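Geometric and topological summary
Single-letter residue listing:
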Amino acid sequence: MSAEQIELFDNGEKDFPLPSELEAHGPARIIAMCNQKGGVGKTTTSINLAASLAGYGRKVLIVDFDPQGAASAGLGINANALDRTIYDELLSLKPDPYRIIQHTSVENLDILPANIELSAAEIQLINEVAREQALTRVLTPCLNDYDVVIVDCQPSLGLLTVNALTAAHGVIIPLEAEFFAMRGVALLVEQIQRVQDRLNPKLEIDGVLLTMVDTRTLHAREVIATIEAQFNEKVFDTKISRTVKFPDATIAAEPITSFAPNHPGSLAYKRLARELIARGASA
């Protein structure tokens, strides 16, 4: 039994099997990391889940779809110094993701970077034909080269997020284990249902991921119980605890899985990757 499994079992949680190796790559399953509330761990989860999946031999592409460019910066990419970003491809008549794909320091992990220019995309796309499918057009040419595409959405339910949901096969909803973080979930679920009905019938909720968890507090335990009662089996068994190591890893511009590979936060994201694969929501 590995040290990782011992730690997980000592925490009283069931483990998930190590994923089998893939004989071939692609086509990718697209997952939108989505919550209109900021500060719930979308970017942290996008980076560390992607790095964990890459560590299990999956070829992963992160789409930085937030004008703040946090996912790009968190992987050491200076998007402000690039000639082209996701913004340029969204508005291109013939989008080509290979013009902007950046390789990261993590093996098997690439990123489509973004910077503040992306904030103008919603205005620019308003008058475009099939504006909700702009991201789909960008991603389609490269899907056969990846196993998973993770779209790190901005904290909004605007046109960019609608684009992400239209392109996606599944949605992961990171949700802070705190009462006020729950208030907007119903609105998000309604938006997901609208996209399902009108634009993307294949879209499904892959799961709700509880983040910044501190089970020592009664409040957190009550919130967890409420969310589990509301979403049932959609709540991931893996929960991400609050730790200062996540911002430390961000400052170092690398995933926690390489910054502190034996830290409980790193082990949790590796476990989440195994759970996602075990659920069939990833290759």
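Residues numbered from 1 in each chain as written. Predicted model: local features only at pLDDT ≥ 70, side-chain atom pairs only at ≥ 80, totals over all residues. Heavy atoms only, no water.

Going by what an unreviewed UniProt entry lists, the chain is known as Chromosome partitioning protein and is assigned to Arcanobacterium wilhelmae.

Scanning the chain for helices and strands turns up 12 helices and seven strands. For the chain, whose C-alpha radius of gyration is 18 Å, the value lies close to the compact-globule estimate of 19 Å for 283 residues. With the C-alpha coordinates aligned to their principal axes, the bounding extent of the chain is approximately 55 × 35 × 35 Å. In the chain, which comprises 283 residues, the proportion classed as buried is 53%. (Helix = DSSP H or I, 4+ residues; strand = E, 2+ residues; numbered from the N terminus. Rg over C-alpha atoms; globule rule 2.2 N^0.38 Å. Buried < 20%, exposed > 50% of the residue type's maximum accessible area, 1.4 Å probe, protein only.)

In terms of residue burial, strand β7 (residues 204–211) counts as a mostly covered element, since seven of its eight residues are buried. Judged from the seven bridges that link them, strand β6 (residues 170–176) and β7 form a sheet pairing that is parallel. Bridged to Pro174 within β7 is Leu209. Since β6 and β7 lie parallel, the crossover through helix α8 (residues 185–198) that links them has a hand, and here it is right-handed. (Pairing = 2+ DSSP bridges. Right-handed = clockwise from strand over helix to strand, strands pointing away.)

We now examine the pattern of salt bridges. As enumerated under the stated definition, the model contains 10 salt bridges in all. Where Arg274 meets Asp15, a salt bridge forms, and the shortest distance between an N and an O atom there is 2.7 Å. With a gap of 259 residues between them, Arg274 in helix α12 (residues 264–278) and Asp15 in the loop between α1 (3–10) and β1 (29–33) connect regions that are remote in the sequence. Between Glu228 and Lys239 there is a salt bridge whose closest N-O contact spans 3.5 Å. In this pair, Glu228 sits in helix α9 (residues 218–231) while Lys239 sits in the loop between α9 and α10 (245–251), placing the two residues 11 residues apart along the sequence. We classify Glu228 as partly exposed; its relative accessible area is 34%. Connected through shared salt-bridge partners, Arg29, Glu204 and Asp206 make up one network. (Salt bridge = Lys/Arg side-chain N within 4 Å of Asp/Glu carboxyl O.)

With the rule as written, the count across this model stands at one aromatic pair. Seen in terms of ring centroids, Phe246 and Tyr269 are 5.7 Å apart; in terms of plane orientation they differ by 75 degrees. Their pairing is edge-to-face. Here Tyr269 lies in helix α12 and Phe246 lies in helix α10, a separation of 23 residues in the sequence. The exposure class of Phe246 is buried, given its relative accessible area of 11%. Here the basic side chain of Lys59 rests over the ring of Tyr146, its NZ or CZ set 5.8 Å away from the ring centre. (Phe/Tyr/Trp six-rings, centres within 6.5 Å; stacked < 30°, edge-to-face > 60°. Lys NZ or Arg CZ within 6 Å of the ring centre and 35° of its normal.)

Reading across from one edge, β3-β4-β2-β5-β1-β6-β7 is the order of the seven strands in this open sheet, with mixed pairing throughout. Looking at strand neighbours, the two that pair on one side only are β3 (102–103) and β7, the edges of this open sheet. The pairing of β1 with strand β5 (residues 148–153) spans five bridges and is parallel. Among the inter-strand pairings, Ile30 is bridged to a residue of β5, identified as Val149.

Considering all chains together, one arrives at zero disulfides under this definition. Left without a disulfide partner, Cys142 is nearest to the cysteine sulfur of Cys153, which lies 16 Å away. Distance from the sulfur of Cys153, which forms no disulfide, to the nearest cysteine sulfur (Cys34) is 4.6 Å. Owing to a relative accessible area of 1%, Cys153 belongs among the buried residues under this scheme. (Disulfide = S-S within 2.5 Å.)

All right, on to unusual backbone geometry then. Of note, the bond from Gly26 into Pro27 is cis; its omega dihedral lies within 30 degrees of zero at -5 degrees. Structurally, Pro27 is set in the loop between α1 and β1. Here the phi dihedral of Asn108 falls at roughly 75 degrees; this positive angle occurs in a residue that is not glycine. Relative to the helices and strands, Asn108 resides in the loop between β3 and β4 (109–112). Residue classification places Asn108 among the partly exposed residues on the basis of a relative accessible area of 27%. Residue Ala130 is not a glycine yet carries a positive backbone phi of 55 degrees. Among the structural elements, Ala130 can be located in the loop between α5 (121–125) and α6 (134–139). Overall, Ala130 belongs to the partly exposed group, its relative accessible area being 30%.

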